[in-house]
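Okay, here's what each chain looks like letter by letter:
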Amino acid sequence: MKVIDTEFLVVGSGIAGLMSAIHLSRHGRVIVMTKKELAESNTNYAQGGIACVMTSDDSFDQHVKDTLIAGCGLCDENIVREIVSAGPARIAELERMGLAFAERNGSGGARYDLGREGGHSRRRVLHSGDITGREVEKVLLAHARSRPSIQIIEHALAIDLITSGWLGLPGPNRCVGAYFLDRGTGEIAAIRTPHLVLATGGAGKVYLYTTNPDIATADGVAMAWRAGLPIRDMEFIQFHPTCLYHPKAKSFLISEAVRGEGARLVDESGRPFMERYDPRGDLAPRDIVARAIDREMKVTGAPCAFLDIRHKSPAFLRERFPNIYEKCLSFGFDMARNLLPVVPAAHYCCGGIEAGLDGTTAMPGLYACGEVASTGLHGANRLASNSLLEALVCSHRLAETAAAFSRERPDLDIPAWQTGSATPSDEAVMIGHNWNEVRTCMWDYVGIVRSDKRLERAMRRIRNLRQEIRQYYFESLVTSDILELRNIAAAGELIVRSAMMRRESRGLHFTLDYPEQAAPPPRNTVICDPPGEFLPDE
Ligand code: FAD
Ligand code: SIN
């Protein structure tokens, strides 16, 4: 088996992975491993932009306050303050790297054209039209490619972490590398490193309907759980209120920034309904808006709600939302003339691997950054456009911390991957079937509105599915499909268990059996019991 050595290994090529790699490349050799093409990531699809205090009528205190309100009592205020106040320096750095944020036309006032989204009391979202994420990826990829100390390996899927404890070595358990699947050749190899950064992104694919691209299969959280890391707050899955409802649109998002420019949520007959649910109306935090749409759909039997922005001119809409405008047009909706049909869909995983602001985790040698990490910024509900900001700030801190430790190669041998008596997969039907079953079960029973009964049902099914998947995993030669299925099922169990542990409704977790917030707020939900399926020969 091939074993590659590097001083830093970054798994993932979204904003968190690429930014970490760029910062780390000043201190040593970095490998960036990513499971598909480089740009394929949640980052690439980000629309609204990056929340940051940029004007004199805004303040760090106000951004902190908005974040804490959205987070419903579970944010770590110190972390929120650190991230918010480190924002402007990181934005300036991104601009120096070549990112152009939209600016205002005409004279006077502030320089940037700032967007507004749910839960923000000010306009403070920097954007590049409605393709902010694509522009971020473009700039960061160009930088990463230009650095000789960064090596990029595409189509390489990290399977599991390798730890000194698993190798039976004495001393504190530390991360020393990872096994990965080369998707081109089907071979398994290992990377040995003293510093491994998980920047694997979110978990949208755990649910049947999601705004996330196919890469979002919770791989990092599942790997960390198997390696014994504490996983926090997984019950808080954010559903974005406005995913385009069209059979061919797959998972196209209509940015909250559209509501920031005055769009209203209306029912089939064009009546606005958000004021009945919250005085902040269409720009209430996302948990409230998604629940309101869900309720409207259940009460009226309608298959979707609608966004109405017909009062804006085609010229304005084309300029401010060029990508959304064109995409909607391709499905037969002219935003300037038609109501847009929308439904909520799984969007963001607020929980993840418990990590510090600098990505450090409970395991030396292992860092988590970006959506895969739970730093304490988001609490029970992420404030819109705070996640790109978090990735920028935390990747910077991560590099400072990691650079202070030794970069010496771990003095140990990595055992070859054991295939045992595994044979090539001949039951692909099981993978497709269970893939749909996990996602449907999570959507039906662990969605926007939960109950004890639904969660119990989900737990029974997910546990059975995980047993079946586990057996198949050990009997067959690994493929990316079985690895991703194994990971969404693991994340499903983490979400269900966390939801069962929270016997109240707070933020994104709403249950019919405990519809009120408990006082004082119960603590963060933490699961730290490796499921005992770490590697094949265990
Ligand atoms: P990602 O960008 O998802 O990158 C993860 C990377 O890890 C990918 O390269 C993936 O291929 C790789 N990977 C995963 N598993 C493995 C594995 N096992 N082996 C190897 N590689 C692996 N947030 C905002 O702040 N503002 C917005 O406007 C905004 N809009 C959004 C719009 C959409 C449609 C979506 C889906 C999300 C949006 N978000 C927004 C959320 C934000 O985009 C993400 O939270 C953020 O980009 C996550 O960055 P990341 O680097 O942590 O993960
Ligand atoms: C959006 O543009 O609506 C998404 C913003 C986010 O998820 O932060």
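In the block above lies the structure referred to throughout.
Everything quoted here is computed from the prediction, not taken from an experiment.

Next up on the list: the overall build of the protein chain. Looking only at helices and strands, the protein chain features 13 helices and 19 strands. Scaling as 2.2 N^0.38, a compact globule of 538 residues should have a C-alpha radius of gyration of about 24 Å, and the protein chain matches this with 22 Å. Counting only C-alpha atoms and orienting by the principal axes, one finds that the protein chain spans roughly 65 × 50 × 50 Å. In the protein chain, which comprises 538 residues, the share counted as buried stands at 61%. If you take every contact in the protein chain between residues at least 6 apart in sequence, the share linking residues at least 24 apart comes to 74%. Carbon together with sulfur atoms contributes 49% to the accessible area of the protein chain, which is approximately 20500 Å² in total.

In this section: the site of ligand 1. Around ligand 1 sit 39 residues in total, of which T43, G48, G49, D219 and E371 are the nearest. In the environment of ligand 1, a nitrogen atom lies 3.1 Å from a nitrogen or oxygen atom belonging to the backbone of K35. Taking E371, its side chain carries an N or O atom lying 2.6 Å from an oxygen atom of ligand 1. When ligand 1 sits alone it has 1000 Å² of accessible area, and the protein chains cover 98% of it. Contributing elements (two or more residues each) for the shell around ligand 1: α1 (15-24), β7 (156-163), α5 (219-226), β15 (340-349) and α10 (386-403). Its residues placed into classes, the shell around ligand 1 shows 15 nonpolar, 19 polar and five charged.

This paragraph deals with the packing of helix α2 (residues 60-70) against helix α3 (residues 77-97). Relative orientation of the contacting elements α2 and α3 amounts to 135°, with a least axis distance of 9 Å. Looking at the two axes, α2 sits oblique to α3. Considering how the two elements wind past one another, α2 and α3 form a crossing that is right-handed. Seen from α2, the contacting residues are F60, D61, H63, V64, T67 and L68; seen from α3, they are E77, V80, R81, V84, S85 and P88. Here the contact of α2 with α3 is composed, by residue class, of six nonpolar, three polar and three charged.

Attention now goes to the site of ligand 2. Near ligand 2, the surroundings consist of Q47, G48, E117, H240, L253, S255, E256, R286, H347, R382, A384 and S385. One of the side-chain N or O atoms of R286 is found 2.9 Å from an oxygen atom in ligand 2. Here an oxygen atom of ligand 2 and a side-chain polar atom of H347 are 2.7 Å apart. Considering ligand 2 on its own, with 260 Å² of exposed area, one finds that the protein chains cover 92% of that surface. Of the residues that constitute the shell around ligand 2, the class distribution is two nonpolar, six polar and four charged.

Criteria and cut-off values
Residues numbered from 1 in each chain as written. Chains lettered and ligands numbered in written order. Predicted model: local features only at pLDDT ≥ 70, side-chain atom pairs only at ≥ 80, totals over all residues. Heavy atoms only, no water. Helix = DSSP H or I, 4+ residues; strand = E, 2+ residues; numbered from the N terminus. Rg over C-alpha atoms; globule rule 2.2 N^0.38 Å. Buried < 20%, exposed > 50% of the residue type's maximum accessible area, 1.4 Å probe, protein only. Contact = heavy atoms within 4.5 Å. Areas by Shrake-Rupley, 256 points an atom, 1.4 Å probe, with all protein chains shown as cover. Near = heavy atom within 4 Å. Polar contact = N/O pair within 3.5 Å; in protein donor to acceptor, adjacent residues only side chain to side chain. Nonpolar A, V, L, I, M, F, W, Y, C, P; charged D, E, K, R; others polar. Axes fitted to C-alpha atoms, helices over the stretch in contact; angles between N-to-C directions. Parallel < 35°, antiparallel > 145°, perpendicular 65-115°, else oblique. Left-handed = near helix turned anticlockwise from the far one by under 90°.

Any link to function would need more than the numbers given here.
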